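One letter stands for each residue in the lines below.
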Amino acid sequence: MKCRHCHAELKHLFLDLGHAPPSNAYLSKEDLLAPETTFPLTLYVCDQCWLVQTEDYAEADKLFSRDYAYFSSTSQTWLHHAARYAEEITKRLGLTKSSFVIEVASNDGYLLKNFIAAGIPCLGVEPTDSTADAAEKIGVPVLREFFGVATATDLAAGGKCADLICGNNVYAHVPDINDFTQGLRIALKEGGTVNLEFPHLMRLIEQNQFDTVYHEHFSYLSLSSVSRIFAWAGLRVFNIEELTTHGGSLRIYGCHDSDPRATEPVVLDLLEREKKFGLLKLNVYQEFQQKADKVKNDFLAFLIEQKRSGKSVAAYGAAAKGNTLMNYAGIKLDLIDFVCDAAPSKQGQFMPGSHIAILHPTELAKRMPDWVIIFPWNIADEVVQQQQQVLSWGGKFVIAVPELKILS
Ligand SMILES: [Zn+2]
């Protein structure tokens, strides 16, 4: 297998989580009677460009055969993050009614609605019909395509190059990162800015976030690897911000490599910190499996202990993270009774692999579990606040990553 960016031979394993179904392949009651497709969930690191990546799958198109159930607007934390970002970037870049903003993977319009409200012309690029429908309903124009060189070339030909191209949590999810990055350069107006947010590989390693690994998440990115890919495509990372979203993300600012804006010292500083952390050597990558195994084993031991002492355990958040963790740990209905989720699109379905039922959050009050595991640890505070009722019957919240921790 070859590196998706530089085509060097991939020889070094980063993480092997066994076989798992696609993390968003939620199952209906009928599906439970049919065989379930699983794919190896294995990551490699390229020792030339340091891109951490999933291996290629046979029949990869099956991964995306289902309607993607995630709607960005279901998380309040995320909505606030988006609104704040829109306001800040508008000021920072001096965007006006004559500017043009493109968001790649615009989902249900959670971000672009803020630009619409400010009277700034914009366009979402989003291939998934269910979320694109939701975006159009609130007045956000959507081009229903995957983004890459072909789409960008069409946009450019139609005079639709952008002053700002943004992409929140899409860069790590594109199968062909080279094609996507070249597309950014083509669709970017001269003097324009690219903003991408993605989980930072350094934080993933530091915080044992192996549960953020799933098939649809093709690349695990550091500034070191992204700078390289940008340079290859004729772009330059000139600024960055380190964010707390998704357990530690990077927001990078990119421009054409000929742009007069100077590269900020924070960029060089982070490249240096990544180097010191070990991201340009193999050791750090090769030690990660052991760290992941410890978290998984501690979590399993906790669940078995609860079972032995007759306590009941439920989970909150039918997130991809929960699926990765449960599938790697081999957890089924024997250890976790049910999962609650606020998204109506997931309620009544079953978690892939574990086949645990996804129920409305009101089920918590009905069944009063002793423990509630919060799978999306990145919004644990929000969940604890929303579900304070759990404390009233003596229930407690717990997270498994970065390490097993009781929250209340
Ligand atoms: Zn490479």
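Our subject is the structure that appears above.
Below is a short write-up of the structure.

So, how was this worked out
- Residues numbered from 1 in each chain as written.
- Predicted model: local features only at pLDDT ≥ 70, side-chain atom pairs only at ≥ 80, totals over all residues.
- Heavy atoms only, no water.
- Helix = DSSP H or I, 4+ residues; strand = E, 2+ residues; numbered from the N terminus.
- Rg over C-alpha atoms; globule rule 2.2 N^0.38 Å.
- Buried < 20%, exposed > 50% of the residue type's maximum accessible area, 1.4 Å probe, protein only.
- Contact = heavy atoms within 4.5 Å.
- Core = buried A, V, L, I, M, F, W, Y, C linked by side-chain atoms within 4.5 Å.
- Salt bridge = Lys/Arg side-chain N within 4 Å of Asp/Glu carboxyl O.
- Axes fitted to C-alpha atoms, helices over the stretch in contact; angles between N-to-C directions.
- Parallel < 35°, antiparallel > 145°, perpendicular 65-115°, else oblique.
- Nonpolar A, V, L, I, M, F, W, Y, C, P; charged D, E, K, R; others polar.
- Expected span 1.5 Å × (residues − 1).
- Arc of directions from axis to C-beta.
- Donors = N, O, S within 2.8 Å, 3.2 Å for Na, K, Ca; no water.
- Tetrahedral: all angles 85-135°; square planar, octahedral: opposite > 155°, others 65-115°.
- Phe/Tyr/Trp six-rings, centres within 6.5 Å; stacked < 30°, edge-to-face > 60°.
- Lys NZ or Arg CZ within 6 Å of the ring centre and 35° of its normal.
- Pairing = 2+ DSSP bridges.

### Here's the deal with the overall build of the protein
Counting its secondary structure elements, the protein contains 14 helices and 17 strands. For the protein, whose C-alpha radius of gyration is 21 Å, the value lies close to the compact-globule estimate of 22 Å for 408 residues. Referenced to the eigenvectors of the C-alpha coordinate spread, the extents of the protein come out at roughly 65 × 50 × 40 Å. The buried share among the 408 residues of the protein stands at 56%. Intrachain contacts of the protein at a sequence separation of at least 6 include 69% that bridge at least 24 residues.

### Quick word on the nonpolar core
The tendency in soluble globular proteins is for nonpolar side chains to be buried side by side. Core analysis: the biggest nonpolar cluster contains 107 residues, and Phe14, Tyr171, Phe230, Ile252 and Ile336 have the highest contact counts within it. Examining the composition of this core, we find that seven residues originate from one element, helix α10 (residues 288-308), more than from any other. Those residues in contact with Ile252, other than ones at most four positions away along the chain, are Val194, Asn195, Leu196, Phe198, Leu223, Val226, Phe230, Val237, Asn239 and Ile240. Of all hydrophobic cores here, the second largest spans 23 residues; its members include Ile89, Cys166, Phe238 and Cys255.

### Some words on the pattern of salt bridges
Taken as a whole and judged by the stated rule, the model has 17 salt bridges. Lys2 is the salt-bridge partner of Glu9, the closest N and O atoms lying 2.9 Å from each other. For Glu9, a relative accessible area of 39% translates into the label partly exposed. When salt bridges that share partners are traced, they join Arg203, Glu206, Glu242, Asp269 and Arg273 into one network.

### Structural notes on the environment of Val213
Along the polypeptide, Val213 turns up in the loop between α6 (201-206) and β9 (219-220). Distance from Val213 to Leu17, taken between C-alpha atoms, is 8.8 Å for residues 196 residues apart in sequence. If we skip the residues at most four places from it in the chain, Val213 touches Leu15, Leu17, Leu41, Leu43, Tyr220 and Thr324.

### Some points on the packing of helix α4 (residues 149-157) against helix α5 (residues 177-187)
It is the contact of α4 with α5, at a shortest axis distance of 8 Å, that shows an interaxial angle of 10 degrees. Between α4 and α5, the crossing angle belongs to the class labelled roughly parallel. Of the residues in α5, those touching α4 at Val149, Ala152, Thr153 and Ala156 are Asp179, Gln182, Gly183, Ile186 and Ala187. Its residues placed into classes, the contact of α4 with α5 shows five nonpolar, three polar and one charged.

### Digging into α10
For α10, built from 21 residues, the straight-helix expectation of 30 Å at 1.5 Å per residue is met to within 8% by its first-to-last C-alpha distance of 31 Å. Three or more residues of α10 are buried, namely Phe288, Gln289, Ala292, Val295, Lys296, Phe299, Leu300, Phe302, Leu303 and Gln306. The buried residues of α10 occupy an angular sector of 160 degrees when projected down its axis, which confines them to one face. Looking at α10, the residues exposed on the side facing more than 90 degrees away from the buried face are Gln290, Lys294, Glu305 and Arg308. In the segment just after α10, Gly310 is the residue with positive phi, at about 75 degrees.

### Thoughts on the coordination of the zinc ion
Ideal values differ by geometry: the angle at a metal is 109.5 degrees with four tetrahedral donors, but 90 or 180 degrees with six octahedral donors. With distances of 2.3 Å, the protein atoms coordinating the zinc ion are Cys3 (SG), Cys6 (SG), Cys46 (SG) and Cys49 (SG). Here the zinc ion binds four donor atoms, and the angle range of 100 to 119 degrees at the metal identifies the geometry as tetrahedral. Spacing between the donor residues of the zinc ion along the chain follows C-x2-C-x39-C-x2-C. In this pair, Cys3 sits in the segment before β1 (12-20) while Cys46 sits in the loop between β2 (39-45) and β3 (52-54), placing the two residues 43 residues apart along the sequence. In this structure Cys3 comes out as buried when scored by relative accessible area, which is 1%. The class for Cys46 is buried, based on a relative accessible area of 0%.

### Side note on the packing of aromatic side chains
Here the structure, examined in full by the defined rule, presents eleven aromatic pairs. Ring centres of Phe302 and Trp371 lie 5.1 Å apart, and the angle between their planes is 80 degrees; this geometry places the pair in the edge-to-face category. Pair noted here: Phe302 is in helix α10 and Trp371 is in strand β15 (residues 371-374), with a separation of 69 residues, a long-range link. Here Phe302 matches Trp371 in class, with each residue buried. Members of the aromatic cluster, each reached through a chain of ring pairs, are Phe147, Tyr171, Phe180, Phe198 and Phe230. Seen from the ring of Tyr328, Lys296 lies directly overhead, with NZ or CZ sitting 5.0 Å from the centre.

### With respect to the sheet that holds strand β10 (residues 235-243)
Pairing within the open sheet is mixed, and its seven strands lie in the order β6-β5-β4-β7-β8-β11-β10. Across the chains shown, the open sheet's two edge strands, defined by having one partner strand only, are β6 (142-143) and β10. Two strands pair when backbone bridges link them, and β10 and strand β11 (residues 249-256) are joined in this way by eight bridges, in the antiparallel orientation. Each bridged residue has a counterpart across the sheet, and for Glu241 the counterpart in β11 is Arg251.

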